[in-house]
Amino acid sequence: MIYREAGDFKTSYVADSQTFPIRMDRRAYWAALAVAFLVIPFVINDYWLNAVFLPFLIYAIAALGLNILTGYCGQVSLGTGGFMAVGAYACYKLMTAFPDINITLHVIAAGAITAGVGVLFGLPSLRIKGFYLAVATLAAQFFLVWLFNRVPWFYNYSASGQISAPERTVLGVPITGAATDAWATYLFCLVFVVASAWIARNLTRGSVGRTWMAIRDMDIAAEIIGVSPLRAKLSAFAVSSFFIGIAGALFFAVYLGAVEVGSAFGIDKSFLVLFMVIIGGLGSILGSFLGAGFMVLLPVFLTNVLRDGLGWPTTLVAHLELVIVGALIIGFLIAEPHGLAALWRTTKEKLRSWPFPY
Amino acid sequence: MPDQLLYAIEVSLNGLMAGVLYALVALGFVLIFKASGIFNFAQGVMALFAALTLVGIMDGQVPFAHLMNTVFGTDIHGFGWQVPALAAIVLTALVMVLFAILVQRFIFRHLVNQEPIILFMATIGLAYFLEGVGDLMWGSEIRTLDVGLPQGINETIDRVTFDAFGYGFFIDNLDIAATVVAALLVTALVVFSQYTKQGRALRAVADDHQAALSVGISLNYIWILVWSIAGFVALVAGIMWGAKSGVQFSLSLIALKALPVLMLGGFTSIPGAIVGGLIIGMGEKLFEFFVGPLVGGATENWFAYVLALIVLVFRPQGLFGERIIERV
């Protein structure tokens, strides 16, 4: 009833192969974009920006990146935090080395550098598979964090060992630094999110995405029918690291402003993004957004209810949060191993025939 | 003998001792992975939880005291008694068995036949859950654990080596005790799996689930058994690490150290876990000793991983793992 394709006729191949074949989906998509671009910038304030919107947008990009690698190409990675650190430090070095160039280009270049590093650490994936690979990507995580901690060139020999973003503007509006407006940073990140999602969606439904999925489903069979594992796996590592690098650059430059590598890009980040991908749904673009939203909102919700609402001490809330997050993850895996995206898919199926399912 | 060489020998001996402890954690991983195909990320947190429980029982703490005081406004702190170490260890072992039953009943029974990655994610969730529960139950302060193990420098070795080389080796008694305990534990495990009915059933399940089922072995029982043994191994590892560096959150991070040990030795091999642990324990200390000062130190954070990575590129199944045969 609510959600049906009856009467929605396609008259061209282009119309038939579009991303949202159902009219309601298309309308919902455009409505969401309109709200995101035209409504939220006018009502957003600093609390909502820093507690919800910026982390959501940035983690959504990171989750997209990891989902391409793990969900589409089947290579489990626990090095997300390390790759985000590469993006952040690349962005920092570029920002300080070329202050006259627009920050947008710096962020994209940081993504490209991370893609290169990702390919380098992706090389073992040609020999190592499954859990061995997952643990091998931990090598990237620990090595990269150590590198940025110990080699002073990366943090420009600053005494504290931290990196902090200098003020940069886009079209005259400050984006990084101390004096930024909520709407400006929000829109800056939103543009990156929309562009990433658009690229990711079109890559994954094209021939590149199909080679990735072939590798994921069975790499030997894929190799026999002519998919090059070298090209497929390394391109997945490159594209995935590109997005994760952009997320890391935005996380450092726009969201936090100043970063200490161990605490900001530790192994916890890797797990957090992996949880987003799993809870949202492996191999789903929508799932990356749902997962990011869920994992960002949950701690905010718990803090608000338990600490501010019931007045419990912070340490207790922090421990309870661990328990709840852990239990939710297990519960999710038992109830729906394919994540929120699969839940949404079932809901859609039900909505089509609702309220007369027979 | 030149001083540098003597230092190196001392460092590598201490590395071997640390390696024994890595191997202990890795052993828990291997047991569960062999029997159920679950890559149990929670092994390190299990060690932390076991150590916390042990300290809590020994000090006569009331579980969940902080939570109860907050929710019900009560003012409970402790039972006010001290439990002797041995009794507390037995009680903790019982808690770990209970934990194994609960894990099996409420988590993995519902996840039978899922893909390995889903099971792995579930154990990460379990790690978070258990860490939170441990903190809620017993509080999150750093605790000292003393079950009466010898501590401090071993004077005999110091004196003997001083007489022989003119330089006394510093070796902690605790490390020696840990090595002895680890050796006993491994021997006990080998005897158990070779000479008892349950051990045979366990090996059968590790070999082939379906064949084991068809000859009447209860998978449910075996999995509970395996998780209990892993819990017991975690308890031993927790006692050793806890006595060495206090019972605190960083204890759960030894799980991350045990992962490269596993990769190096192969996920399915118990000797592999031990040899891998020794290689990594010694390798990382020696690397830190010789190369660390040149590159800024703290190489222990990543050396084990990079070493394992390099070995894996040449031997994808690890040093002792079963050969991986893939078919379409």
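Up top you'll find the structure we're talking about.
Note that the coordinates shown come from a computational prediction; the quantities given were computed from them, not determined experimentally. (Residues numbered from 1 in each chain as written. Chains lettered and ligands numbered in written order. Predicted model: local features only at pLDDT ≥ 70, side-chain atom pairs only at ≥ 80, totals over all residues.)

Caption draft 1: Expanded view of the overall build of chain B. The helix and strand tally for chain B stands at 14 helices and zero strands. Along chain B, helices (α) and strands (β) appear in the sequence α-α-α-α-α-α-α-α-α-α-α-α-α-α when read from the amino end. In chain B, which comprises 328 residues, the share counted as buried stands at 45%. Counted over contacts in chain B with a minimum sequence separation of 6, partners at least 24 positions apart contribute 73%. (Helix = DSSP H or I, 4+ residues; strand = E, 2+ residues; numbered from the N terminus. Buried ≥ 20, exposed ≤ 12 C-beta atoms within 10 Å, placed from the backbone. Contact = placed C-beta atoms within 7 Å.)

Caption draft 2: Up close: the overall build of chain A. Of the regular secondary structure elements, chain A holds 15 helices and four strands. The C-alpha atoms of chain A give a radius of gyration of 21 Å, which matches the 21 Å a tight globule of 358 residues would have. Referenced to the eigenvectors of the C-alpha coordinate spread, the extents of chain A come out at roughly 70 × 55 × 45 Å. Across the 358 residues in chain A, those meeting the buried criterion constitute 44%. Look at the contacts in chain A between residues 6 or more apart in sequence, and 77% of them connect residues 24 or more apart. (Rg over C-alpha atoms; globule rule 2.2 N^0.38 Å.)

Caption draft 3: Just the interface of chain B and chain A, in detail. At the junction of the two partners, chain B supplies 39 residues and chain A supplies 37 residues. Listing elements by their share of the side of chain B that touches chain A, those giving two or more residues are helix H3 (65-72), helix H5 (116-138), helix H11 (254-265) and helix H14 (300-314) of chain B. The dominant element in the side of chain B that touches chain A, judged by the number of residues it contributes, is H5 of chain B, at 14 residues.

Caption draft 4: How the structure looks around helix H10 (residues 219-245) of chain B. Residues and elements named next belong to chain B. Between the first and last C-alpha of H10 there are 38 Å, a value that for 27 residues agrees with the 39 Å anticipated at 1.5 Å per step. Taken across its 27 residues, H10 has 21 buried, putting it largely inside the fold. Where H10 ends, the next residue or the one after it, Gly246, has phi of about 80°, a positive value. (Expected span 1.5 Å × (residues − 1).)

Caption draft 5: Geometry of H5 of chain B. When the terminal C-alpha atoms of H5 of chain B are compared, their 32 Å separation across 23 residues agrees well with the 33 Å that a helix rising 1.5 Å per residue should span. Directly after H5 of chain B, the chain includes Gly139 of chain B, whose backbone phi takes a positive value near 85°.

Caption draft 6: Spotlight on the environment of Gly81 of chain A. All names here are of chain A. Relative to the helices and strands, Gly81 resides in helix H4 (residues 80-97). The class of Gly81 is buried, set by 27 C-beta atoms lying within 10 Å. Every residue in contact with Gly81, bar those within four places of it in the chain, is listed here: Gln141, Phe265, Gly266, Ile267, Lys269 and Ser270.

Caption draft 7: Main features of the packing of helix H3 (residues 46-72) of chain A against helix H12 (residues 267-280) of chain A. Residue and element names in this part refer to chain A. As a packed pair, H3 and H12 sit with axes 9 Å apart at the nearest point and diverge in direction by 70°. The angle between H3 and H12 falls in the class roughly perpendicular. Between H3 and H12, the residues in contact are Tyr59, Ala62, Ala63, Leu66, Asn67, Thr70 and Gly71 and Val273, Leu274, Met276, Val277 and Gly280, respectively. (Axes fitted to C-alpha atoms, helices over the stretch in contact; angles between N-to-C directions. Parallel < 35°, antiparallel > 145°, perpendicular 65-115°, else oblique.)

Caption draft 8: Main features of the packing of helix H2 (residues 43-58) of chain B against H11 of chain B. Residue and element names in this part refer to chain B. Close contact between H2 and H11 brings their axes to 7 Å; oriented N to C, the two are set at 140°. Classified by the angle between their axes, H2 and H11 sit oblique to one another. The interaxial crossing formed by H2 with H11 has right-handed handedness. Contacts between H2 and H11 involve Gln43, Gly44, Val45 and Ala47 on the former and, on the latter, Ile254, Ala255, Leu256 and Ala258. Residue composition of the contact of H2 with H11, grouped by class: six nonpolar, two polar and no charged. (Left-handed = near helix turned anticlockwise from the far one by under 90°. Nonpolar A, V, L, I, M, F, W, Y, C, P; charged D, E, K, R; others polar.)

Caption draft 9: View of the environment of Ile89 of chain B. You can see Ile89 of chain B is positioned in helix H4 (residues 85-108). On a C-alpha basis, the gap between Ile89 of chain B and His66 of chain B in space is 24 Å, while along the polypeptide they are 23 residues apart.

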